Each structure stands twice: as C-alpha cells, then as structure tokens.
Amino acid sequence: MKKHWILSPKGLGNIFIAAILLFYVLFPMVVVVFWSVAEKWFPEHWWAPEKIGLSWFKALFKLVDVQLSFIQTFTIAPIVVALTALISIPAGYVFGTKSFPGKRLLENIFLIPLVVPAIATGISILSVYTAWGLRNTYWGVILAHMIGATPYMLRCVSAAFEGIDPAWEEAARNLGATRWQVIWKILVPNIIPGILAGAIFAFSWSINEFVLTLLVGFPTVTTLAVKVYQYIGGYYITPNAAAAVSIFLTLPSIPIVLAMEKYVKAEYVAGVAR
Amino acid sequence: MVKIVLKNLKKSYGNVVACDIDYLEIKDKEFFTFLGPSGSGKTTTLRIIAGFIEPDAGEIYIDDKPIVGVPPEKRNMAMVFQSYALFPHMTVFDNVAFGLTLKKLPKEEIKKRVENALELVRLSGLEDRYPRQLSGGQQQRVAVARAIVMEPEVLLFDEPLSNLDAKLREAVRFELRELQKKLGITSIYVTHDQAEALVISDRIAVMNEGKIIQVGSPTEIYEKPESKFIADFIGVSSFIEGKIIDVDEEGYATLESEDGLKIKVTCGRIEKGTKASLAIRPEYVEVFPTKERSGINVFEGEIKRVAYLGDSVDYRVSLGKWEIRVRDVPTRVFRVGEKIGLWFNPNKCVVIAR
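Since the model is a prediction, treat every value here as computed from it, not as a measurement. (Residues numbered from 1 in each chain as written. Chains lettered and ligands numbered in written order. Predicted model: local features only at pLDDT ≥ 70, side-chain atom pairs only at ≥ 80, totals over all residues.)

A. Main features of the sheet that holds strand β5 (residues 65-66) of chain B. Residue and element names in this part refer to chain B. Pairing is antiparallel across the open sheet formed by four strands, whose spatial order is β2-β1-β4-β5. Among the strands making up the open sheet, the edge pair consists of β2 (16-26) and β5. Most of the contacts of helix α1 (residues 42-50) go to β2, to which it runs at about 60°, and overall it touches β1 (4-13), β2 and β4 (57-62). (Pairing = 2+ DSSP bridges. Helix = DSSP H or I, 4+ residues; strand = E, 2+ residues; numbered from the N terminus. Contact = placed C-beta atoms within 7 Å. Axes fitted to C-alpha atoms, helices over the stretch in contact; angles between N-to-C directions.)

And the structure:
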C-alpha cells in the first residue's frame, strides 16, 4: 500500500514548518490570554498559574481610567473610519476612474505616511498641533489616526472604482436606467465592498495606533493601546493588567477578521499593498 | 417596421473626423454591419445611434421620428457590448431582468420573459450563477439575452465576438444571424473582422476615417470593390497600375499597365484614357506550366515565394514589376524560381479609377 503523502519526508517537513509558524503567531496570544486570567502564581515556577479567574478584568472595569480608555478607543475608531471614508470616496473616484498627468506621483505621495516612521511624523506634528491647540484633545488624536488610516482607505476605494467598467453605466442606461438609477443600482453596490475593506483597515489602524496617540493625546486621551503600555511600562509594572487590557484590544479583531473573510476581495488588499 | 436613416451626421474630436455620413438608410429587419479598421469611426457611429455620444450635427430618424437629443434610456434600443458589460453583483437572472424591473413589469411576466430569452440563447439552468462563474462564450450569450429580452426596436452590437476564441467565434456568427432572423429585429453590427462581416450581414458599410466608402451586400463588397482601400482591406488583392486604352461594346476594357502589359478587364463605368488600378483576388488567377496555354490575359511570371497551407497553396509571383498573389489547389506545387504561366479571369478583374 502506498504511504500517505503526509508521512513522506516532504510531508513531515511541511508539517514541521507549519507548526513552527503557527507557534510563532499564536504563542504570544496564548501567553496574553494566560496572563490575563492568572490570579495567583505558584511561587516555585512561572509557567502555570495557581489560580485562574476573571479578577483582573473585574478590577480593571472598576477603574475609571480604563473605562474611559475603552470609551475613547471605540468612539475614536468609528469617527476615524467615517472621516477617512469621507475624504477617500471622492479622491478614490478620481484616482480610480480618471487619468491625468502626475496621477502616479500623487498616488505615491498619499503612501508616504505609511513609509515615514510614526515617531518622525509624531515629532513634526507635535509642534503644529501644539500651535493649533490640538494637543491633548480628542480631535487631535482623531486627526493623527487619520494620517495612517487614509492611505489604506484610499487604496481600497480607488481599487473598487478601478474595477468599474465604464460600459456598465452605458449598458444600464441602454436598458432604461436613469443616471440616478445607474448610481444606486450599479455603482454603489460595486463600491461598497471596497469601502468596507477600507473601513476594516482604518478601524484596526485606529485601535492599534500607539506612537502618535501617546505623543498627541497623553494624558487627556489614552486609548487602550496606550493603556497597555502604561501597565507594562513605566507606571505600574503589572503585566497581568496589561494582558487583560490587551484582550480588550484583541476582541474586536475577531468580528473584523470574520467580516474580512466575507467582504474583502483579495484585489482590494492587493490594492493596498501595491 | 423599423427603418433607420442617418442624415448629414457629423462628429469630430479636434482635427480627427470620427463620423461624417451624408446619407445612410438601414432597412427594416436588416442585419447591417459597419466594417472598418480601428479608428475608422464605426464604433463612434454606433454610439451616436445608441445615444451615448451627441453628434456635432445631423439627424437620425427611426421611422421618420428624429431621435438625436433623446437620452439613451428612452431610445428603445438594446446593445451588446464588446466587454459584455454584465453587472458583476447580479446573477444571470437579475442581469437579464434588469431592464424589465426598471420598467416595473409584473414579476410573473419578468420571469417568463427572462426564461424565454435564456432559452433562446441556450442558457436555461444557469439563472443563479454570477457572471464570473461563466465562460466567455456563456457571458456573451447572457449579454445577448439581456438585450433581446427588452424586445427592442433596434439591436446594436459592438464587436460582441472579439473576446471569443476563433473556433467559438465562427459558431456564434451563425447563431447570432439565425437569432436575428428569427426575431426579425433590425440590427446594427460593428466589427473590424471582415470574415465576420461577410458571414453575418445582409449589407455592409465599409468605413474609413469617419466616412462610408461603400455600402453593399457581402458579394458586392467582395467582388466589386469600388476603391483600392476596400479591395485591399477586404480579403487579399493584387494590384496593377495602368491606364484604360480601349473600351469595347461587350462591357470589357483593356488596361495597359505602366510596364506595358495589356490586360482585358470588365469595365464597369470607366472611360477610355482614365488612369486606373486593376485589382484581382488570388483565387481568380490561374497558374500552369508555361506554354500550356496562350491567348488573352495569359502572361509569364516567376514564382517568388510558396506557402503550403494544406488545403491550398499560396504563391507570390513576379510579373513585370508587379507582385501577384495566387491561390491554387495543391494538386501540383511549383517551386521557387520556376517560370509559370498566369491567366487573369477578365470577368473577375476589377478596375478602380484613380
């Protein structure tokens, strides 16, 4: 009988590599979950908690500043998504459907925020925001998040517009659709997936953004990402609390990943990477 | 009755004349084709008829009713696009039903008509598929179904077969023509593929640089081209330049070529003394061993190139300063450099005044 391919040296090699990658990606997550529920540790070793429970979460939820972080994080993110969409839809329409001299250059300029290290951007915007009175404000943080979120959104939306065949409009009008019907029945349904893909990127950008949020928002605005840093770093040194806060940050990613699976076509993601 | 008349239709983009048609009548139930190379204005003309492009001047009449200025959605024409332009977010059924739903027809009627249309193009059973799940040929048929389901006065085709592979294209030509004859809808077709135009059309208008060069049935266009452009563009022709030195009562003329060959040709409407080009198709030149025949229109040439095509042999023969293309049955094959006899069939030699 022929041996199953998995048992061949090549199959075993593949499994080995896959296992390493899986470990590399998942292990940190496992640790975070572990730490967030570890209420008490054995004195003699570090790797298994003595008591497991939700006391860290309970304690954190009672803290007003964590509650505030929670509210701030999940109100800032939707506003960032809405505003970047507002900018990117008309811009994406132009990039995706028109051609004009300097288009390529302009598209690349819009990518610069992704290339420049956040700390460099932060230093330069800090002085501007201070002068404009945006430092330590909600809107300051929102604007700072939009710097990184807009290129993603714009790429997704342009890719969606690029995918539109101008003949669709002609075909629809030829079949009796008015201009408005073309927009509602043909263009919008084909653009929505692109906007949704962009929204997912922009949303996760906003909740994950750390450097600019710390520089611009601290101490008034501290999103969860900053809060994690506080618990882990210079202030309290409480990794268990930090882990619990990280869980708050991670939870929204699950529906996001599921939504991506459903709505985001590979070409939009490719549009971002391009 | 749907008769279409184009009058003094003009459209230019900067200095480029895209459409300049003085008068053209497309008859009821006719399959009419605009044929021309790319940039000849055939697509512009079709799009003006569809209402996507506003002409600079002129008028289009459908049964004496002017339609320039009427928006495309009110023209009662249905178009099949080169890219098919199927809506990717809709199923086959919804694509075909799109125009009918806009008309707010009752659900049962829409269902019945869509099913009928899909049956006509042999796509029954694929109603719930999305366009991306279909092959190119199937997508093309959805596009046709979406047009015919509207029961339009006029069907417009913008190179609808150019994205199909050669074999399929040949089969679909016949299907389209049969369908059009069955439905009896006046149709306007645009293509750059001359074989397609010859097979599919009742009449063809050959266009170049925005102008119609000749209108006629496929045979007229092929056998009696009125200009060198058409003789060259449709099929293959060899040309001999010269002057008409004699016209007789039986309808023949004699052309003397620049290097002194005297060739008898059908004369058409040409007068003695006119400078003219002679055009002849490769299949109307006969080749044979030298001195096997003699008489009128027999000349001696030399084989320059031979291409064996299986079902035929293609020769390029030098005759004086002219290169003559010949297609022969492959029962015998002459070799390069061989001297051979040539005979031009006078009834198939076309003269075109210069």
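B. Region of the structure containing unusual backbone geometry. At the junction of A:F218 and A:P219, the peptide bond is cis and its omega measures out at 5° in the coordinates. Positionally, A:P219 belongs in the loop between α10 (211-217) and α11 (224-232). With phi around 70°, B:Y84 is a residue other than glycine that occupies positive phi space. Tracing the backbone through its elements, the reader meets B:Y84 in the loop between β6 (77-80) and α2 (92-102). In the Ramachandran plot, B:A85 falls in the positive-phi region, its phi being about 50° despite a non-glycine side chain. Residue position: B:A85 is located in the loop between β6 and α2.

C. Up close: the domain arrangement of chain B. All names here are of chain B. Per the domain assignment, the segments of chain B are domain 1 (4-229) and domain 2 (236-353). Domain 1 and domain 2 are separated by 39 Å when their C-alpha centres are compared. Facing the five residues of domain 1 at the interface are five residues of domain 2. Residues that form the side of domain 1 that touches domain 2 fall into these classes: one nonpolar, one polar and three charged. (Domains from an automatic or database assignment. Nonpolar A, V, L, I, M, F, W, Y, C, P; charged D, E, K, R; others polar.)

D. Region of interest: the confidence of the model for chain B. For chain B, the mean per-residue pLDDT works out to 91, and 100% of the residues sit at or above 70. By mean pLDDT, the top-scoring element of chain B is strand β3 (residues 31-35) of chain B (96), and the lowest-scoring one is strand β20 (residues 350-353) of chain B (86). (pLDDT = per-residue confidence, 0-100.)

E. Focus on the sheet that holds strand β12 (residues 252-257) of chain B. Residue and element names in this part refer to chain B. Judged by pairing direction, the sheet is antiparallel, and its five strands sit side by side in the order β13-β12-β11-β14-β20 without closing on themselves. For this open sheet the edge positions go to β13 (262-266) and β20, each flanked by a neighbour on one side alone. Strand after strand, the sheet turns through a mean of 45° between neighbouring axes, direction not considered. Two elements, β12 and β13, share five bridges in a ladder whose sense is antiparallel. For A253, the partnering residue across the bridge sits in β13 and is V265.

F. Structural view of the confidence of the model for chain A. Here chain A shows a mean pLDDT of 84. Residues at 70 or above account for 91%. No element of chain A has a lower mean pLDDT than helix α14 (residues 266-273) of chain A, which averages 52, and none a higher one than helix α7 (residues 138-162) of chain A, which averages 92.

G. Focus on the pairing of strand β14 (residues 275-280) of chain B. All names here are of chain B. Examined bridge by bridge, strand β11 (residues 238-247) and β14 share six bridges and lie antiparallel to one another. When the sheet's bridge partners are listed, I240 is paired in β14 with L278. Two strands pair when backbone bridges link them, and β14 and β20 are joined in this way by four bridges, in the antiparallel orientation. The residue of β20 that forms the bridge with L278 is V351.

H. Just the interface of chain B and chain A, in detail. Contact with chain B, which involves 18 residues of that partner, is made by 15 residues of chain A. Classifying every residue of the side of chain B that touches chain A by side-chain character gives 13 nonpolar, three polar and two charged.

I. Up close: the domain arrangement of chain A. Residue and element names in this part refer to chain A. One can read the domain layout of chain A as domain 1 (5-52) and domain 2 (64-273). Put simply, the middle of domain 1 and the middle of domain 2, counted by C-alpha atoms, are 32 Å apart. Domain 1 puts five residues into the contact, and the matching count from domain 2 is six residues. Here the side of domain 1 that touches domain 2 gets four residues from one element, more than from any other, and that element is helix α1 (residues 9-37). Tallied by class, residues from the side of domain 1 that touches domain 2 come to four nonpolar, one polar and no charged.

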